[in-house]
Amino acid sequence: MHLLVTGGAGFIGSNFVHHVIAHTDHHVTVLDKLTYAGNRASLEGLPDARLTFVQGDICDAALVDELVAAADAVVHYAAESHNDNSLDDPRPFVDTNIMGTFTLLEAVRRHGTRFHHISTDEVYGDLELDDPARFTETTQYNPSSPYSSTKAGSDLLVRAWVRSFGVRATISNCSNNYGPYQHVEKFIPRQITNVLRGERPKLYGSGENVRDWIHADDHSAAVLTILDRGTIGETYLIGADGEKNNKDVVELILTTLGQPADAYDHVTDRPGHDLRYAIDSSKLRRELGWAPRFSDFTAGLADTVQWYRDNEAWWAPQKDATEARYRAQGQ
Ligand code: NAD
Ligand code: DAU
């Protein structure tokens, strides 16, 4: 099978490409614009015979048409992905997340190509800390930020293209990923690299906000499972029962790196900050037989800390500019 993977030089997309090369015979073509978030180095070491890299924009209809025509299936990761950036300048989020997804859908419609759309649990809004409920495939959409609203919009486009045009698509909505190759603007890599540089971690607001962590490799395995055995038109939630509040995660990073657990700062909170996400992934487990491998968050986080220790050359070029942007926002 020949897979076209959009956003394959980003965090989760590159983890997926490594996973596909290791676990299947598929050929992969990556289409990636290499925005500030994309990094060609995240695909280094993979065999040339199995991987073709194309630098380009998913909004470029002619390029997208040519690449979709040559593929058996498309897995669509490319997006503007960071909530804080979407509060600063929403425009690229509308362009890439909405118009880029539209451009891909029109191409797969023309060519009858199988399409898998990668989305997020943030489309469902947030939960109270003491709410026993978790998100399911039938939870009502209620996105909070420009980022999550554009992801919600892209999900709805996919659903409409399935129903109206018979496009063979599936959707997955996953919780917060951690693991190697994640940009230093995101919570876990930002705090790890702060400590490695002798800076204190920065916790937004009280730090009570809860995220439901899953290792990126478990996300990749789930996506391959859906691509293989998912029912066309269906949505699957992906999560690994990894709820943790931000304060606990920062303390774990600090102790893993041999620092006092309270050596962090509270900084300005994110406007509209979602309180809690929690995924019920029982449909995916029951119907398709997927289960996460990384069930021990402390061990998975220790591996991730070690990866950032070993790969300073990968993250250091981004660190100063990222921290300068945060400083300007009081974060
Ligand atoms: P990322 O920001 O690390 O990577 C995004 C990639 O897309 C980059 O390589 C970037 O260059 C590329 N890209 C951006 N605009 C493009 C365009 N117009 N054309 C082509 N390429 C473009 O993001 P990520 O964290 O890896 O997220 C990947 C996908 O997974 C996104 O769709 C995101 O919504 C979704 N998701 C992320 C998480 C998470 O925890 N990070 C959780 C659930 C779902
Ligand atoms: O839930 C899935 C989503 O997870 C994905 O759709 C997004 O693409 C991905 O970025 C992520 O969104 P979050 O906003 O949850 O992730 P972020 O890493 O930005 O922040 C995680 C939590 O940590 C959140 O509560 C904000 C907080 N935070 C973040 C940073 C960068 C801090 O306390 N300090 C920080 O420095």
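Keep in mind the model is a prediction, meaning the values are calculated, not measured. (Residues numbered from 1 in each chain as written. Chains lettered and ligands numbered in written order. Predicted model: local features only at pLDDT ≥ 70, side-chain atom pairs only at ≥ 80, totals over all residues. Heavy atoms only, no water.)

Some thoughts on the overall build of the chain
Convention followed: The helix count covers DSSP runs of H or I at least four residues long, the strand count covers runs of E at least two residues long, and both are numbered beginning at the N terminus. C-alpha atoms define the radius of gyration, and 2.2 Å times the number of residues to the power 0.38 defines the globule rule. Burial classification: accessible surface area is computed with a 1.4 Å probe over protein chains only, and a residue below 20% of its type maximum counts as buried, one above 50% as exposed, and the rest as partly exposed. Residues are treated as being in contact if the distance between any of their heavy atoms lies within 4.5 Å. Counting rule for charge: Lys and Arg are taken as positive, Asp and Glu as negative, and neither His nor the chain ends is counted. One atom stands in for each charge, and that atom is NZ of Lys, CZ of Arg, CG of Asp or CD of Glu.
The number of helices and strands found in the chain is 11 helices and 13 strands. Over its C-alpha atoms the chain spans a radius of gyration of 19 Å, differing by no more than 12% from the 20 Å that the globule rule assigns to 331 residues. Principal-axis analysis of the C-alpha atoms gives the chain an extent of 55 × 45 × 40 Å. For the chain, the proportion of its 331 residues judged to be buried stands at 56%. Sequence-distant contacts in the chain: of pairs separated by 6 or more residues, those separated by 24 or more amount to 80%. Mean positive and mean negative side-chain charge positions of the chain (31 and 47 charges, respectively) differ by 2 Å.

Remarks on the nonpolar core
Where we set the bar: Remark: nonpolar core denotes a set of buried residues (Ala, Val, Leu, Ile, Met, Phe, Trp, Tyr, Cys) joined through side-chain atoms within 4.5 Å.
Core analysis: the largest hydrophobic core is formed by 30 residues, its most contacted members being F16, V17, V28, L43, I238 and L284. Elements represented by at least two residues in this core include exactly β1 (2-6), α1 (11-23), β2 (27-32), β3 (51-55), β4 (73-76), α7 (216-229), β11 (235-238) and α9 (282-288). Sort the elements by how many residues they give to this core and α7 lands first, with 5 residues. For V28, the contacting residues outside a window of four places in its chain are L3, V5, V17, V20, I21, R50, L51 and T52. Counting residues in hydrophobic clusters, the runner-up holds 23 residues, among them V249, I253, Y264 and Y308.

What to know about the site of ligand 1
Selection rule: Each residue is tested against the molecule or strand, and it is near if at least one of its non-hydrogen atoms lies within 4 Å. Counting of polar contacts relies on pairs of N or O atoms within 3.5 Å, with two restrictions inside protein: one atom must be capable of donating a hydrogen and the other of accepting it, and residues adjacent in sequence are counted only when both atoms are side-chain atoms. Surface accessibility in these figures is a Shrake-Rupley result with a 1.4 Å probe; residues are shielded only by whichever protein chains are displayed. As a working rule, the residues Ala, Val, Leu, Ile, Met, Phe, Trp, Tyr, Cys and Pro are called nonpolar, Asp, Glu, Lys and Arg charged, and the rest polar, with Gly in that last group.
Close to ligand 1 lie 28 residues; I12, D32, S81, Y147 and K151 are nearest. At 3.0 Å, a side-chain N or O of T96 approaches a nitrogen atom of ligand 1. Against a free-state accessible area of 840 Å², the protein chains account for coverage of 97% of ligand 1. No other element matches the 3 residues that strand β5 (residues 114-120) contributes to the shell around ligand 1. Looking at side-chain class alone, the shell around ligand 1 contains 12 nonpolar, 12 polar and 4 charged residues.

A word on the sheet that holds β3
Basically, it comes down to this: Strand pairing is assigned whenever DSSP detects at least two bridges linking the two strands. To get an axis, fit a line to the C-alpha atoms, keeping to the stretch in contact for a helix; angles then go from 0 to 180 degrees between the N-to-C directions.
Here 7 strands make up an open sheet; going across it, the order is β3-β2-β1-β4-β5-β6-β11 and the pairing parallel. Either end of the sheet is taken by a strand with one partner, and the two such strands are β3 and β11. Within the sheet, the average angular offset between the axes of one strand and its neighbour, ignoring direction, is 20°. Pairing geometry for β5 and strand β6 (residues 169-174), over 6 bridges, is parallel.

The analysis is restricted to geometry; functional conclusions fall outside its scope.
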